[in-house]
Each structure stands twice: as C-alpha cells, then as structure tokens.
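Here are the chains, one letter per residue:
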Amino acid sequence: VTGLAVVGMGLFGISFIYLLMSKWWKPATIINPELGINYVPGVVAAFGLGASSIALFARVGGGIFTKAADVGADLVGKVEAGIPEDDPRNPAVIADNVGDNVGDVAGMGADLYESYVGSIVAPVALGAVLFSADKIGASGYEWKGMVLPLAIAAVGIVCSILASFIVRSGRGSHPGRTLSMATYSAAIFTTIATFFLVTLFLKNTPGVIHPVGFFLGILAGLCAGMFIGQVSEVYTSDAFPVVKNIAKSSQTGSATNILAGLSAGMASTTAAILFLAGAIAVAYLTGRWAMGGGGAGELGVSGGIYGIALAAIGMLSTTGTVVAVDAYGPIADNAGGIAEMSGQPPEIRSITDSLDAAGNTTAAIAKGFAIASAGVTALALFRAFTDAAKVSSIDLSQYQTVIGLFLGAAFPFLFAALAISAVGKAANKMVEEVRRQFREIPGLLEGKEGVQAEYAKCVDISTKGALRYMIAPASIAVVSPIVIGLWNAQALAGYLAGALVVGFLMAIFMANSGGAWDNAKKYIEAGNLGGKGTPVHAAAVVGDTVGDPFKDTAGPCMNIMIKVMTVIALVFAPIFIK
C-alpha cells in the first residue's frame, strides 16, 4: 500500500499538471506558439520543487523525532537501567514506536516520492528541448520527449504490482531473500517492458536514429541502482564479514566499534561511485548514439544528457517495490515493540527481531537506490539549470566559480552537523526526562503493578525538538541557491556541483555506517559474542546510538538536499540571467 501510493500519487500529480497545461487549459502564458516558447516543463519543474521542499522538511523533522526518541530510550533503558528494548517501563518507548512511523515510513515515503518526482521532472524538462523543432528539424514532437518519462514510470508501476505477487508466493522462506526477490523481479519485468515501450514509442521519430540507445541508458541506471543496493547490503547485512567484524570489534570497547563502523562506511563509497560513474558514462554515450551524435555536436550532447536523465528514471522505475520493501523494517520494528509492551513470550520478540534485521538490510538497499538516483537526477537537473541560466560551462578560472565550488562542498558538512546536533539536543532532553521519571515515579523501574510511565511527555519532547530544529538546515538548503544565484550564476553552478559530489559521498557513507552499526548490535543480541547484557553488547549499543542519526537523519536527507537546491536553481534560473 505504501509503495504503490507513493508512485501512484507522484505519477498522477505530474501527469495531471502536464495535461492541464498542455491539453486542457492551454493558457497563453504557458504555451506561446507565436514566440515558440513552451513553458510546460517549467510548470512541471515547479511541481518537483513543491515535492522536494515538503520532503526535505518531512525527512529532517521525521529523522529528528525518531532518533531523539530512539537514542534516549536506548541509552537510559538498555544501557543504564539494563531493561529490554521497548520495555513498557521505559517512558520513551511510545515516542520511539511513533518515531518509526514518523521518520522511517512517512519520512522515507516523502523522500522517495520526491526522488521519484524529481527523476521524472528532469527528463521532461530536457525532452522538451531535445525534441523541439530547432533540434530535430520537425515540429510537433516535443510531447514525445515529455511523455516518454511518464510512460516509463507507468510501466514501472505495473511491474511493481506484478512483483508483489512474488512476495505473496514466498511465504515460509527467509524474509530478506523474499523481499530481494521482489525487488529483482520488478527490475527484470521493467527491463523487458521498457525495451518494447522505448523502441516502439520513438520509432520513426525525427532525430532519433537508434531508439534502443535510450533503452540502454535506462538499463544502465536500473543496473547501477541494483548494484549500489548490493553494495549497501554487503556493508550492512550480518550475512557478510563487514558487520561481523564490527561486532567483534565491540569486544575491545565502544571506541573500536565506532572506528570499525566509520571505516566501513567510508570504504563503501568507492564501489558506489564506480557504479554511478559507469551508469552515467553508459547512459551519456548510448543517449548520444541514439540521436546520431557520434561527434561532439550540440545535438549529440543533448541526447547524452537526456540519456542520463532517463537513467535516473530507470533507477526509480521500481520505486513502488523499493518503498514497500523499505517500509517493511519499521513495521517489523513496531511489531516488536508491541510484542514487548504487551508481554508476549520471548520467542515472539525473537521472530520480530529477525524480521527487523532483514528490514534493516532492505532499508539500506532502498537508501542506496534513493541516493544513487539523487546523484543522477541532480546531474540531469543541473544540466537543465545551466541551459536555462545560459551557463555554457563551469569555468574554474573565474574566482566566483571557485568560491561557489568550495561553498557547495562545505554545505553538506554544515547540513549534516545541524541535523546530528539537533538529534543530540533533543535526545539529551529525552534522556533527562527518562531519568527523571525513573527517579521520581515510585515503583516504575521495578515494574510495580499499576504504575505507568508518563509517555506523553516524551512524545512531546520529540515533537517540539523536531519542529524546532528542522528549520535551520532545511531553510539554508532552500535559501542559499537563490542568494548565490542572485550574486553570480557561475558561482551557483559551482555551488551545485560541489554540493552534488560531496553530498552524494556523505549520504552513502552515513547510510551504510549507520546500517552496519545497527545490524552489528542485532548480531550480538541474537546470542553471538556473549549476547545481551554483556560489555560487548553495551559497546555495540553505543555504536548503534552514534549510527542512528547517521542512517536515519543526516544521511537520508543528503539526497533530498542536493535535489532541492538544484530544482530551486532550475525554477529561479530566469532571474539569475544578467
């Protein structure tokens, strides 16, 4: 339901705006045939801006809410008091369970909704230019460049629905393998369907020499998304050595656990970058070949950039399945909380914990998809911005460009610092409140019958913290491109380029480090290396606490951040032209 709702609303919204502006309403300010100006792509980009803006606040706010509660509950409950996770005696446990929904379901849903919309907006904007009369020498074909991305997205939805039946037939098997099977099945179905769609849709279209070239770009994006997801699985699943090594490092304390997690996250960025770079190169070259641009002509370059934009669609064409798989973990986590609070037998909790561990890995794969698509989508949006702002190239001989580049590279660090600091401040208040209740409510910690924690106060702390602390990082991401663009368009181009590269790397690093720490803790809690209640477990809990804002607050917000800034630059590009 979650996955199909996200893609259904996204595709419906963009399609409705497109049809309203190009077919039904046709206001003179939108399409001006006398001047040959088509403003439909700009309107669609504005729709993407709306999705990006709300997703940024939802992701940052949701991440702060859930991690403030999670960190507070773990530090006081599991480490200090020595009571089980989600024990009803812990005042922060309700806030933690609510946070699973606010941050990990609603926040991630908004995140991937924005990614999905952004991946469609970029090729719509570029397709209108690529298939214009000036480019292909024939009029009346702009709609093909704009409709093709919508058609690819529609095919992906149908394939995700077909893949859902794979999950239904997989009962009794390992949950992680079953969910992965659904993801791969959706990808295979989409690949087959997209081949026929692209080749038939672009057949006999002026300017398109080899339609299969665009299909190869889509396939490159789809494969890169899969491979980057696999990188995330290798670095975050306890079925592989990385997580087991982090768990073993906990035997010598929390410091070595943290060092192992940090190094694993950093190492994971290299493989992700290689796959992303490969996808971009393949999509560009096949897109240029599709338009007959064997040389370095403008037409070939535009075909290559359109190919890159379609590669982003390829990555997110299976979003319906990816979101569903991602929501699996928080649902299992909430089920575990309910089992603990309602006094179910220990074997029930062990089952939900195993489901939660599988969900952590599949969530890491979903984050890999979202982050990879963000890099490709932002690149396509960046090219659309440079065209709109009349920036022919990024000239590093200009001091404005260099200043913008350094500012853009620094911004992800500032953004991450503000997000992690927000979690720390809210979690500090949560810890103090939990300690106060254990200290001042007689019989609470002992589990005396009839004594109940004041859960509402902890929920209130998370809510106020999220609303208060999300404003600064999100506002800076929205305002900074406009301020820099008003100063100098070249500086803004450098700013976006710096933010794109550094933001992508930090997103992969933080998401994989956090996932690895979390599953290393769960690996120990499953009975390995001494199990719960040991110093090894306590060290792993500290590592997981550090990883919580990494993987669920700062890391996932990076991919939204780089797209928000690029979409804002695209929408406001006309006022940056001097």
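Relevant structure appears above.
Just so you know, these numbers come straight off a predicted model, no measurement behind them. (Residues numbered from 1 in each chain as written. Predicted model: local features only at pLDDT ≥ 70, side-chain atom pairs only at ≥ 80, totals over all residues. Heavy atoms only, no water.)

Draft legend 1. Quick look at unusual backbone geometry. In the Ramachandran plot, Asn204 falls in the positive-phi region, its phi being about 60° despite a non-glycine side chain. Within the secondary structure, Asn204 sits in the loop between α6 (175–201) and α7 (212–236). You will see that Leu529, though not glycine, has its phi angle at about 55°, which is positive. With respect to the secondary-structure elements, Leu529 resides in the loop between α16 (489–525) and α17 (535–571). (Helix = DSSP H or I, 4+ residues; strand = E, 2+ residues; numbered from the N terminus.)

Draft legend 2. How the structure looks around helix α1 (residues 2–24). With 23 residues, α1 extends 31 Å from end C-alpha to end C-alpha; this agrees with the ideal 33 Å at 1.5 Å per step. All buried positions along α1 are accounted for by Gly3, Val6, Val7, Gly10, Leu11, Gly13, Ile14, Ile17, Tyr18, Met21 and Ser22. (Expected span 1.5 Å × (residues − 1). Buried < 20%, exposed > 50% of the residue type's maximum accessible area, 1.4 Å probe, protein only.)

Draft legend 3. Region of the structure containing the side chain of Arg436. When you line up the elements, Arg436 lands in helix α13 (residues 399–440). At 3.1 Å, the side chain of Arg436 forms a polar contact with the side chain of Glu454. Among all residues touching Arg436, those that are not within four sequence positions of it are Ile441, Glu454 and Lys457. (Polar contact = N/O pair within 3.5 Å; in protein donor to acceptor, adjacent residues only side chain to side chain. Contact = heavy atoms within 4.5 Å.)

Draft legend 4. Seen up close, the pattern of salt bridges. Considering all chains together, one arrives at 20 salt bridges under this definition. When the shortest N-O distance is used, the salt bridge between Asp548 and Lys67 registers 3.5 Å. Of the two residues, Asp548 is situated in helix α17 and Lys67 in helix α2 (residues 40–81); the sequence distance between them amounts to 481 residues. The residues Asp548 and Lys67 share a single accessibility class, namely buried. Glu340 serves as the salt-bridge partner of Arg349, at 3.5 Å between the closest nitrogen and oxygen. Judged by relative accessible area, which is 21%, Glu340 ranks as partly exposed. Connected via shared salt-bridge partners are Lys67, Asp70, Asp518, Lys521, Lys522, Asp544, Asp548, Lys551 and Asp552. (Salt bridge = Lys/Arg side-chain N within 4 Å of Asp/Glu carboxyl O.)

Draft legend 5. Summary view of the packing of aromatic side chains. Scanning the entire structure with this criterion turns up 13 aromatic pairs. Between Phe411 and Tyr495, the aromatic rings sit 6.4 Å apart at their centres with planes inclined by 50°, giving tilted as the arrangement. One end of the pair, Phe411, is in helix α13; the other, Tyr495, is in helix α16, and 84 residues separate them in sequence. With respect to burial, Phe411 and Tyr495 carry one shared label: buried. Aromatic rings pair up to connect Phe131, Phe214 and Tyr306 into one cluster. (Phe/Tyr/Trp six-rings, centres within 6.5 Å; stacked < 30°, edge-to-face > 60°.)

Draft legend 6. Broad picture of a nonpolar patch on the surface. Side chains of Leu4, Val158, Ile161, Leu162 and Phe165 sit close together on the surface and give an oily, nonpolar patch of about 430 Å² of accessible area. Ranked by residue count, the leading element in the nonpolar patch is helix α5 (residues 142–168), at four residues. Here Leu162 is to be found in helix α5. (Patch = residues over 30% accessible without salt bridge, like charges linked within 9 Å, V, L, I, M, F, W, Y side chains within 5 Å. Areas by Shrake-Rupley, 256 points an atom, 1.4 Å probe, with all protein chains shown as cover.)

Draft legend 7. How the structure looks around the packing of helix α8 (residues 241–249) against helix α9 (residues 254–290). It is the contact of α8 with α9, at a shortest axis distance of 7 Å, that shows an interaxial angle of 160°. On the basis of their axis angle, the class for α8 and α9 is roughly antiparallel. Handedness of the α8/α9 crossing: right-handed. Taking contact as the criterion, the partners of Val242, Ile246 and Ser249 in α8 are, on α9, Thr256, Asn257, Ala260, Gly261 and Ala264. (Axes fitted to C-alpha atoms, helices over the stretch in contact; angles between N-to-C directions. Parallel < 35°, antiparallel > 145°, perpendicular 65-115°, else oblique. Left-handed = near helix turned anticlockwise from the far one by under 90°.)

Draft legend 8. Quick peek at the packing of helix α14 (residues 455–469) against helix α15 (residues 471–487). Contact geometry for α14 and α15: axes closest at 5 Å, N-to-C directions at 25°. Taken as axis vectors, α14 and α15 run roughly parallel relative to one another. Every residue of α15 that contacts α14 at Leu467, Arg468 and Tyr469 is listed here: Ile471, Ala472 and Pro473.

Draft legend 9. Spatial organisation of the environment of Ala283. With respect to the element layout, Ala283 can be found in helix α9. The sequence separation of Ala283 and Val6 amounts to 277 residues, and the corresponding C-alpha distance is 26 Å.

Draft legend 10. Structural view of the nonpolar core. Within the largest apolar cluster, 146 residues are counted, with the highest numbers of intra-cluster contacts made by Ile120, Phe214, Phe385 and Phe415. Each residue touching Phe214, except ones within four places of it in the same chain, is listed here: Leu130, Val198, Leu202, Val208, Thr286, Gly287, Ala290, Met291, Gly303, Tyr306, Gly307 and Leu310. Ranked by size, the runner-up nonpolar core spans 17 residues in total, among them Val93, Val434, Leu444 and Ala453. (Core = buried A, V, L, I, M, F, W, Y, C linked by side-chain atoms within 4.5 Å.)

Draft legend 11. Expanded view of the state of the cysteines. Per the counting criterion, the structure on display carries zero disulfides. Cys159 provides the cysteine sulfur closest to Cys223, a residue in no disulfide bond, and the two sulfurs are 15 Å apart. (Disulfide = S-S within 2.5 Å.)

Draft legend 12. α9, seen in detail. Between its first and last C-alpha atoms α9 spans 54 Å; for 37 residues at 1.5 Å apiece the expected length is 54 Å, and the two agree. Phi turns positive one or two residues past the end of α9, at Gly292, with a value near 75°.

Draft legend 13. Representation of the environment of Ala511 within the structure. Relative to the elements of secondary structure, Ala511 occurs in helix α16. Exposure remark for Ala511: the relative accessible area of 6% places this residue in the buried category. Put simply, Ala511 and Ile371 are 140 residues apart on the chain and 9.4 Å apart in space, counted from C-alpha to C-alpha.

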